[in-house]
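# An overview of the molecular structure
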Amino acid sequence: MQKLIDKAKIEHTLSKSEIVEILKDNSINDYLFKNADEVRKNYTGNEVYLRALIEFSNICHCDCKYCGIRRDNKNISRYRLEKKEILQLANYAVQSGYKTIVLQSGEDIFFTAEYLAEIIKGIKQNDIAVTLSIGERTFDEYKILKEAGADRFLLRIETTDENLYAQMHPQMSLENRKQCLFNLKQLGYETGTGSLVGLPGQTPESLADDILFYKKLNADMIGIGPLIVHPETPLKDEKNGDLILAIKVLALTRLLLPDINIPATTAMETLHPQGRILALQAGANVIMPNITFEQYKKSYEIYPNKVSVNYESLKTELAKIGRSISCKKGFRGNHDRT
Ligand code: SAH
C-alpha cells in the first residue's frame, strides 16, 4: 500500500481500484496524510490563502435532501442582501486585507446575471479576486458574469454516483451539473468542485469515481466536506459523515492534483475541533472565513453549528504548524514556494 502512495506522489495518477484500496485501508492513513502534506508543501508552499465568504442570500429553488436552506424547509427565516450591503461587506474584506471574496448563495434567480454583473463590477473596482458559488446557470449567464470580472467559480459535483445524485437532488441531473462545470472551464474560470462525504449509500467506489472526475475536469479547486445532518431535512435520521474518510479523499485529491487549491472546509472543523488543522496537515492550503453580517449568519444554516474563524487565533494556530497567512490572491500555479 505504501508503494501505491509513493507512486501517486511522483506520477500523480492512481487507478480506481487503487484509490478504493487506499480508502478502505485505515492502517495507511498517517502515511497518506504525511505524503499529501509533502506534496502540498512542494507545490503550493507553506502559505495559506484566505477567502472571505459572503453568504448573500439563503433563498433557494432547489430541494437538495441534505441541505438546511432547501426550498421545502419552512422553519428558517429567509434573507437577501442588497447590492449596497454586499459592496459594504466587500469593502470590509478589502480593508481587512483579504485578496479574494467568495459570493455564495442559494439558487436565487432574483439575482439575475445582469444584477450580479453590476455587483461584481463594483467589487472589482478594488484589487481583489471574486469567486462565485451560486449554483447552476446557463452558459450565457456564466459568460456575463465572467465578462463582468468574476475570476473563479465553485460548484461541487456532490457525488458522481448517478443514482445517489438523483436521489439527493430532486429535479436536477448529474449530466447538467457536469455540463455546467465544463462550461465554466471553457469560459476560463478557475473552476472548483468537490464532494459531500457520507451521503447515505455512498460507496468507496463512488468516492474513487469522484476523485477521478476532479482529475478529468482538471479542477483548479476542490472542496471536500463531511455531511453534517440537518434536523429540518429528509436526512435528519442519518449519521454524520466520517471526518477521517473526508480527509482521506482530500489527501488523495492532493496526490493526484498536486498544485490546486484545497480548503480545510468549515464542515470539517464543525465535526471535530481539530478538523481544520488535520486537513491543513493532509493536503489543504486554503481557509474560508465567513464575513457575513452576524444577524444573517445563523439563517445561512446549510448544516447546524457551523463554526467560524477568528483571525488572531488562526494566525497563532497556523504558526504552530509552520504555516503563515498569504497576502496574495492565490491563483493555481502562482504559489510562492520559497
Ligand atoms: N447553491 C450553491 C451553494 C451551495 S452551499 C451551489 O449549489 O453550489 C455549498 C455547499 O454546502 C454545497 O455544495 C454542499 O456540498 C454543502 N452542504 C450542503 N448541505 C450540507 C450538509 N448538510 N452538510 C455538509 N455540507 C453541506
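Anything mentioned here points back to the structure above.
In this report, the structure presented in the accompanying data block is examined. (Residues numbered from 1 in each chain as written. Predicted model: local features only at pLDDT ≥ 70, side-chain atom pairs only at ≥ 80, totals over all residues. Heavy atoms only, no water.)

Here we take up the packing of helix α3 (residues 29–44) against helix α10 (residues 243–256). One way to put it is that α3 packs onto α10 with a least axis distance of 9 Å and a crossing angle of 45°. Classified by the interaxial angle, the pair formed by α3 and α10 is oblique. When the axes of α3 and α10 are compared, the crossing they make is left-handed. When α3 is examined against α10, the residues N29, L32, F33, N35, A36, V39, R40 and T44 are found in contact with a partner set consisting of I244, I247, K248, A251, L252, R254 and L255. In terms of residue class, the contact of α3 with α10 is made up of nine nonpolar, three polar and three charged. (Axes fitted to C-alpha atoms, helices over the stretch in contact; angles between N-to-C directions. Helix = DSSP H or I, 4+ residues; strand = E, 2+ residues; numbered from the N terminus. Parallel < 35°, antiparallel > 145°, perpendicular 65-115°, else oblique. Left-handed = near helix turned anticlockwise from the far one by under 90°. Contact = heavy atoms within 4.5 Å. Nonpolar A, V, L, I, M, F, W, Y, C, P; charged D, E, K, R; others polar.)

Across all of its chains, the model carries 26 salt bridges by this definition. Between D259 and R332 there is a salt bridge, with its nearest N and O atoms 3.1 Å apart. Pair noted here: D259 is in the loop between α10 and α11 (266–271) and R332 is in the segment after β11 (324–325), with a separation of 73 residues, a long-range link. Residues joined in a network through salt bridges with shared partners are D63, R70, R71 and D72. (Salt bridge = Lys/Arg side-chain N within 4 Å of Asp/Glu carboxyl O.)

What follows concerns the packing of helix α2 (residues 16–24) against α10. One can describe the packing of α2 onto α10 by two numbers: an axis separation of 10 Å at closest approach and a directional angle of 140°. In the crossing of α2 with α10, the sense of the turn from one axis to the other is right-handed. Contacts between α2 and α10 involve I19, I22, L23 and K24 from the former and L245, K248, V249, L252 and L256 from the latter. Its residues placed into classes, the contact of α2 with α10 shows seven nonpolar, no polar and two charged.

Before going further, it helps to examine the sheet that holds strand β10 (residues 286–287). Adjacent strands of a sheet form backbone hydrogen bonds with each other and so pair up, either parallel or antiparallel. Taken in spatial order, the three strands line up as β10-β1-β11 in an open sheet, and their pairing is parallel. Every interior strand has two partners, whereas the edge strands, β10 and β11, have only one. Strand direction decides the pairing type here: strand β1 (residues 47–50) and β11, joined by two bridges, are parallel. Across the sheet, residue E47 finds its bridge partner in β11, namely S324. (Pairing = 2+ DSSP bridges.)

Before going further, it helps to spend a moment on unusual backbone geometry. The residue N218 is not glycine, and still its phi comes out positive at about 55°. By the secondary structure assignment, N218 is in the loop between α9 (204–217) and β8 (221–222). By relative accessible area, which is 34% here, N218 ends up partly exposed. In this structure, N305 takes a positive phi of about 60° despite not being glycine. The residue N305 is located in the loop between α13 (294–297) and α14 (311–320) in this model. (Buried < 20%, exposed > 50% of the residue type's maximum accessible area, 1.4 Å probe, protein only.)

Geometric values such as these leave the question of function open.
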